[in-house]
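Per-entry structural report
Okay, here's what each chain looks like letter by letter:
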Amino acid sequence: MTIRLPDSTGALRTYEPRTEPLAVTTGAPFTSRTVFSAAHVVADPFADVSPDSPAAVDWDATLAFRRHLWSHGLGVAEAMDTAQRGMGLDWAGAAELIRRSAAEAKSVGGLVACGVGTDQLTAPASLAEVRTAYEEQLALVEESGAKAILMASRALAAAAAGPEDYLDVYGHLLRQSAEPVILHWLGPMFDPALEGYWGSPDLDAATEVFLEVIAAHPDKVEGIKVSLLDAGREIDIRRRLPQGVRCYTGDDFNYPELIAGDEKGFSHALLGIFDPLGPLAAEAVRVLDTGDNAGFRALLDPTVELSRHLFQTPTRFYKTGVVFLAWLAGHQSHFTMVGGLQSARSLPHFARAYELADGLGLFPDPKLAEERMKNLLSLYGVNQ
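The structure reproduced in this document is the subject of the present report. (Residues numbered from 1 in each chain as written. Predicted model: local features only at pLDDT ≥ 70, side-chain atom pairs only at ≥ 80, totals over all residues. Heavy atoms only, no water.)

**Points about the overall build of the protein chain**
The secondary structure content of the protein chain amounts to 14 helices and 10 strands. Whereas a compact globule of 384 residues would reach a radius of gyration of roughly 21 Å, the protein chain reaches 20 Å, a difference of no more than 12%. By its C-alpha atoms, the protein chain is 60 × 50 × 45 Å across when sized along the principal axes. The 384 residues of the protein chain split such that 57% are buried. Taking the contacts inside the protein chain whose residues are at least 6 apart along the sequence as the reference set, 70% of them involve residues at least 24 apart. (Helix = DSSP H or I, 4+ residues; strand = E, 2+ residues; numbered from the N terminus. Rg over C-alpha atoms; globule rule 2.2 N^0.38 Å. Buried < 20%, exposed > 50% of the residue type's maximum accessible area, 1.4 Å probe, protein only. Contact = heavy atoms within 4.5 Å.)

**Concerning the pattern of salt bridges**
Pairs may arise between side chains of opposite charge once their charged atoms sit close together. Inspection of every chain in the model, using the stated rule, returns 21 salt bridges. Its salt-bridge partner being Asp-262, residue Arg-239 comes within 2.6 Å of it at the nearest N-O pair. Taken together, the positions of Arg-239 in helix α7 (residues 231-239) and Asp-262 in the loop between α8 (255-260) and β10 (268-271) put the pair 23 residues apart, joining distant regions of the chain. A salt bridge links Glu-370 to Lys-367; the nearest nitrogen and oxygen atoms lie 3.9 Å apart. Of this pair, Glu-370 and Lys-367 are both found in helix α14 (residues 366-379), three residues apart, which corresponds to roughly one turn of the helix. Each of the salt bridges in this network shares a partner with another, and the network as a whole consists of Arg-13, Glu-305, Arg-352 and Glu-355. (Salt bridge = Lys/Arg side-chain N within 4 Å of Asp/Glu carboxyl O.)

**Description of the sheet that holds strand β4 (residues 75-78)**
Strand order around the closed barrel formed by eight strands is β3-β4-β5-β6-β7-β8-β9-β10, with parallel pairing between neighbours. Here the strands of the sheet are splayed against their neighbours by 25° on average, with no regard to which way each runs. Across two bridges, the pairing between strand β9 (residues 246-249) and β10 is parallel. Across the sheet, residue Tyr-248 finds its bridge partner in β10, namely His-268. The sheet strands contacting helix α2 (residues 91-108) are β4 and β5 (112-116), and the helix crosses β5 at an angle near 165°. (Pairing = 2+ DSSP bridges. Axes fitted to C-alpha atoms, helices over the stretch in contact; angles between N-to-C directions.)

**Quick notes on unusual backbone geometry**
Residue Pro-314 follows Thr-313 across a cis peptide bond; omega there is -10°. Along the polypeptide, Pro-314 turns up in the loop between α11 (304-310) and α12 (318-328). Although it is not a glycine, Gln-84 adopts a positive phi angle of roughly 65°. Relative to the assigned elements, Gln-84 resides in the loop between β4 and α2. Here Gln-84 falls in the buried class, since its relative accessible area comes to 1%.

**Some thoughts on the side chain of Gln-332**
Relative to the helices and strands, Gln-332 resides in the loop between α12 and α13 (347-360). With relative accessibility at 4%, the residue Gln-332 sits in the buried group. Polar contacts involving the side chain of Gln-332 include one to the side chain of His-40, which spans 2.9 Å. (Polar contact = N/O pair within 3.5 Å; in protein donor to acceptor, adjacent residues only side chain to side chain.)

**Focus on the pairing of strand β7 (residues 181-186)**
With six of six residues buried, β7 lies mostly within the body of the structure. Residue alternation in β7 divides its side chains into two sets, Val-181, Leu-183 and Trp-185 and Ile-182, His-184 and Leu-186, and both sets are buried. Looking at chain direction, strand β6 (residues 147-150) and β7 are connected through two bridges and run parallel. Paired with Leu-150 across the strands is Leu-183, a residue of β7. Chirality of the crossover, the property in question, places the unit of β7, helix α6 (residues 203-216) and strand β8 (residues 221-227) among those that are right-handed. (Right-handed = clockwise from strand over helix to strand, strands pointing away.)

**Details of helix α3 (residues 127-144)**
In this model, α3 (18 residues) spans 26 Å end to end at C-alpha, consistent with the 26 Å of a helix rising 1.5 Å per residue. Val-130, Ala-133, Tyr-134, Gln-137, Leu-138, Leu-140, Val-141 and Ser-144 are the residues of α3 that are buried. Considered in projection along α3, the buried side chains sweep an arc of 160° and stay on one side of the axis. Of the residues trailing α3, Gly-145 is marked for its positive phi of about 90°. (Expected span 1.5 Å × (residues − 1). Arc of directions from axis to C-beta.)

**A short note on the environment of Ala-284**
Within the fold, Ala-284 resides in helix α9 (residues 278-289). Sequence separation of Ala-284 and Leu-299 is 15 residues, and the distance between their C-alpha atoms is 5.8 Å. The residues contacting Ala-284, other than those within four sequence positions of it, are Phe-296, Leu-299 and Leu-300.

The following block contains the structure:
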C-alpha cells in the first residue's frame, strides 16, 4: 500500500509506509539516567468551546497517556510547556492537571514533577505579586506530593528591572521550598515573552546570573533544565554546576550527544520530544544503562531529524506535531487541541512528520496511522 503526501512545494509524491513497528520492550527502571517526558494534554473534542475559552480536557485520555509513559519507565514532567501551559491551558486547568496526575502517579508508582509558574497573573504585576503567585503554585505542587519545577515566568520577565530582581525572587522561593526543586530556563524560541530572562538579553551575562542563583542555594536545587537549543552552552553550564546538582537537558535538537555525555559528565533528560519518542527513548536509555554508548546513539541519533522538524520555527508550535503523532499512534481518538492549536502547522508539515515517525517505527499500528493520515489528507482535498 502507498500514500500520496504533499511536500513543501505542494507537489504530491508517493510514500510506502512500513508494515511493522519498531520492536521495543519494557524492563527494569533506568540506572544511569533520570529521564522525564514532558507530556501533552488531550482535549475534549465534544466540548462547545472557543479558542478563548478555558481548556476542555479529556481527563481519562490525558491520564491514560501518562500511564503509557510510566509503563516504559519514563518520568512525567507535568503541566509544562508541552501541556500547552500558557498556550491554551490556563492556571485553573494546570492546577487540576497537577492534582490528577500526581494522584495517578501515586497509584501506579510513577515518577512525576510538576511545573510551578505565575500564569494566574493575567495583567502586569509587581515583583511582590509575582512572588505570591509563585508561592501559591509551589504550595499546590508540594501538597500534591510531586517534585516542583520552577518555570520561567512571563510576569517576572516583564516586572524585573535587572538581575538583582531575579536573584531576589528566586532566592526567596528557594529558601522557603520544602524540598529541592528543578530550575527551568526556557529560551525565547519557546516563548518570546521570556526574552532577556535573568536580567539580560546577552546569554553570557544571563548565564552568570542563573549560576549565581544556583550557587547561593545548592542544597535547594536538585537540578536544572536548560531549554536553549544550544549544546555548547548547556555543556558549559553543566560543568560549572555545584556538586550534586543535576543537569536535565531540554535541548530537543542535540539530546543524544548531551545525554550520552563525555569524559567530564552528562545530562539527564526532561524533553518534550520524549512524548512521541517515549518507548524508543526508553529502549535507548536501557541500552545506555549497560554502558553501550554506541548502541544508545544508534537508536536515538536517527530520531533527531523528526525532532528538529517538529521543533522548527516558530518553535513554540511544536506541541501541534506532538499531539498529531499521539493521534496517529492511537493514544487518542482525535486530532483536536485545547485553544484550537491543531491549526498551527501546515499540511506539508504534518505529512513530513508522519513520514519521519513512520520511518522510525513509532506507530504501534502502522495501518491505523496510515488510515488516519489519509483521512486528514482527504479533508484537505488530497485523494488517494
